[in-house]
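Structural characterization, general
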Amino acid sequence: MTRLSPRTALRRTAGGLAAAGLLAAGSLAVGAPAQAADPAFTLGGPAETALHPYPATGSPQKTSLGFTVSNPVQDEDGYQGEVTYTLDLSGIAGIADIDVAEDTGADCEITGATAVCHDYGVYAGLSTIADFDLTAAEGGKDGASGTIEVTGSAAGVTFVPFSTKVTIGGPDLVMKQLPFKQQLKPGDVQPAPITFANRGTTAADGVLLTLMYSRGLEIPERYANCEYNGEAGEEPQDGFAWSTALCSVEGSYEPGATYTLAVPLSVKATERAYYDTFIYRINEDSAAQRTAQRAGAPFTRGTGPQLALKKVTSSARSGDLNPWDNQQEADFRTENTADFVATGGKGAGSVGETVTARIGFRNEGPAWIGNIRSGEPVATVDLTVPRGAEVTGKPDSCQGVTAAGKYREEQLGAPRYVCDSAMTVRDGAEIVLPFDLKITEVIPGSAGKVDVRNTWLSDPDLPFDPAPGNNTAQLVLNGEDPGSEDTGGTTDGTTTTGGSTEGTTGETTGSTSGTTGGSSTSSTSSASGSTGTSGAASADNDGGLASTGSVALMASGAAAVALAAGGVLYATSRRRAERG
């Protein structure tokens, strides 16, 4: 069974744009919720599947169909036990022929009008059951349709059944690629005369235009028949880097015809732009499609004029026959900069005292920086630990290394730490990384270094940063005047009090910096460790520290930010696309 957890879905969305596009084909339907005493697992798949008509010559064209199961139980191991899935194929007799896909990896067998798949266990979250190949049956008429019913059985659980509609023929909406200028300056505005064709066999009854654009872009117009997640220049409430517009346009869009916007909309590069992406997609409109694209996010309807379409060409001759050509994407590189400023800290403590140091960096803009195609970290924070201190707790995103930056097995007590950021860092964001430092020797003015640099140590310069002089700050322990020590960065610290700290945690709002190894996560960053302390520490409160137990060594308190490439996270039914 293919496992697809929410975390996996975010990781795939962040790094997979270059391969497959942000929005997968069609909407994903699931069965209705069940009311049962036993755990209820929900079966699902595409609400409708369209087949290419049987050809006059040659072999029929295959269409992929996959089914899923959702286990709401949060236990990492999921359900353990034998599971059987049954497909009733009698509803598509004479309409479609079905085979088990060669690469499905599932134990499935088709006998007559029934397909049976055997498996062991159901992972928590959403998983693929099996994949099938469908073709139109010879003699099947255009427009003919039927249903496939899917049920499941296992000891001690209940399965919510699912059915999908299979139809011969249908619309085939194909989005045309626009010739955008891709090298921009802040303030540049380009027209976007979005154009699509229907290459299918039937008309589309209304269309849904989906526009997604990353933080550095804006669509200034607010059309009355569009709804928007995030106003122009406003940060989306879900914390993602994307804003979305969903535009429903009524009408019948005929097969063989091409349509374009009556008036082109605009795509603007803002003062935040650096690397950005614009995604434009067309689907046949439906309530289910709009719900799927919203993905539970809040949307606001526009108050401007109606966005309208007009026919530009026509030729003689409800699911989409080929959903993979509904979408186009454009990447932009804007001539802009972002100033990353390292933040250090200062404090004092006696031998045995534990100091919590919150170091990191902030983005003073004007641009936001994002690697939304590759999903790679934007930058790395490189900490050299001050002499006379030992790290007893660190953020999960930080890796202890040797003084030369080489691999080290033991992660606590390292002389140096490297911490990769997320794949995106917003303008105005501050990344805070808490470290617990135990004072092992009082060395007056002992200073470590905080450096924000490129992820490649061999090429440390940040290519977008015009002021490399502030990429380094100091982490100073037991200086002569800890309240006014110059650490090279802003240290508007806060103070913690208490005789000891157990599992000290420094949290950040929003999303976090990435984990080591080039990946990134979308959860709150924290560092923990047993930090029992003794003795006393002292410093003034002007950016310094004061405590009778453990003391906090604070940079400017703010959020570590990681913006996952958001939009609609689809659980695709292709087993080969994801191995959990």
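This text gives an overview of the structure that appears in the document.

Conventions used here
- For every chain, the first residue of its written sequence is number 1, and the numbers climb from 1 along that sequence.
- Local features in this predicted model are restricted to residues of pLDDT 70 or higher, and side-chain atom pairs are both shown and tallied only at a pLDDT of 80 or more, whereas totals for entire chains, interfaces and linings draw on every residue.
- The side-chain quantities take in all heavy atoms of the structure and omit both hydrogens and water.
- We define a salt bridge as a contact between a side-chain nitrogen of Lys or Arg and a carboxyl oxygen of Asp or Glu at a distance within 4 Å.
- Strands are runs of DSSP state E lasting at least two residues, helices are runs of H or I lasting at least four, and both sets are numbered from the N terminus onward.
- For each residue, the accessible area found with a 1.4 Å probe, counting protein chains only, is set against the maximum for its type, and the residue is called buried under 20%, exposed over 50%, and partly exposed in between.
- Our working definition of a disulfide is a cysteine sulfur pair at a distance within 2.5 Å.
- In short, DSSP must find at least two bridges between two strands for them to pair.
- Axis definition: a line fitted to C-alpha atoms, over the contacting stretch in the case of helices. Angles run 0 to 180 degrees between N-to-C directions.
- Working rule for contacts: check all heavy atoms of both residues, and any pair within 4.5 Å makes them a contact.
- Here a polar contact means two N or O atoms within 3.5 Å. Within protein one must be a hydrogen donor candidate and the other an acceptor candidate, and residues neighboring in sequence count only if both atoms are side-chain atoms.

**Some thoughts on the pattern of salt bridges**
Scanning the entire structure with this criterion turns up nine salt bridges. In this structure, the salt-bridge partner of Arg-215 is Asp-427, at a minimum N-O distance of 2.8 Å. Close ionic contact of Glu-218 with Arg-272 constitutes a salt bridge, the shortest N to O distance being 3.9 Å. Pair noted here: Glu-218 is in strand β19 (residues 217-218) and Arg-272 is in the loop between β23 (265-269) and β24 (275-284), with a separation of 54 residues, a long-range link. The buried category is assigned to Glu-218, whose relative accessible area is 14%. Each member of the salt-bridge network shares a partner with another, and the members are Glu-218, Glu-271 and Arg-272.

**Some words on the state of the cysteines**
Counted according to the given criterion, the structure contains three disulfides. Across the disulfide, Cys-108 is cross-linked to Cys-117 (sulfur-sulfur distance 2.0 Å). Around the S-S axis, the bridge from Cys-108 to Cys-117 shows a dihedral of about 110 degrees and counts as right-handed. Like Cys-117, Cys-108 is buried. The cystine pairing of the protein, numbering bonded cysteines in sequence order, is 1-2, 3-4, 5-6.

**As for the pairing of strand β39 (residues 472-477)**
As defined by bridge partners, strand β29 (residues 345-347) adjoins β39 across three bridges and the pair is classed as parallel. Following the sheet pairing, Gly-345 is matched in β39 by Leu-475. By the bridge criterion, six bridges tie strand β38 (residues 446-453) to β39 in an arrangement that is antiparallel. Bridging from a neighbouring strand, Ala-447 pairs with Val-476 of β39.

**A look at the sheet that holds strand β9 (residues 114-122)**
Sheet strands associate in pairs through backbone hydrogen bonding, adopting either a parallel or an antiparallel arrangement. Reading across the sheet, the six strands line up as β4-β13-β11-β6-β9-β8 and stay open at both edges, with mixed pairing between neighbours. Sheet topology places β4 (48-51) and β8 (107-111) at the edges, where each strand pairs with a single neighbour. With direction set aside, neighbouring strand axes in the sheet form an average angle of 20 degrees. Two strands pair when backbone bridges link them, and β4 and strand β13 (residues 162-168) are joined in this way by four bridges, in the parallel orientation. If you follow Ala-50 over to β13, its bridge partner there is Thr-167.

**A short note on the sheet that holds β24**
Read across the open sheet, the seven strands follow the order β15-β27-β24-β18-β21-β20-β25; overall the sheet is mixed. With one partner strand each, in any of the chains shown, β15 (183-184) and β25 (300-301) form the two edges of the open sheet. Both strand β18 (residues 204-214) and β24 contribute to a ladder of seven bridges, which runs antiparallel. Note on β24: the bridge partner recorded for Leu-209 is Ile-282.

**Comments concerning the environment of Gln-411**
Mapping Gln-411 onto the fold places it in the loop between β34 (398-401) and β35 (416-420). Judged by relative accessible area, Gln-411 falls into the partly exposed class, the value being 22%. Every residue in contact with Gln-411, bar those within four places of it in the chain, is listed here: Lys-394, Cys-398, Gln-399, Gly-400 and Tyr-417. Within polar-contact distance, the side chain of Gln-411 engages the backbone oxygen of Arg-408 at 3.1 Å.

**Focus: the environment of Thr-380**
Structurally, Thr-380 is set in strand β32 (residues 380-384). The spacing of Thr-380 and Thr-455 is 75 residues in sequence and 5.1 Å in space, taken between C-alpha atoms. Those residues in contact with Thr-380, other than ones at most four positions away along the chain, are Val-418, Cys-419, Asp-420, Asp-451, Val-452, Arg-453, Asn-454 and Thr-455. Within the structure, Thr-380 has its side chain in polar contact with the side chain of Asp-420 (distance 2.7 Å).

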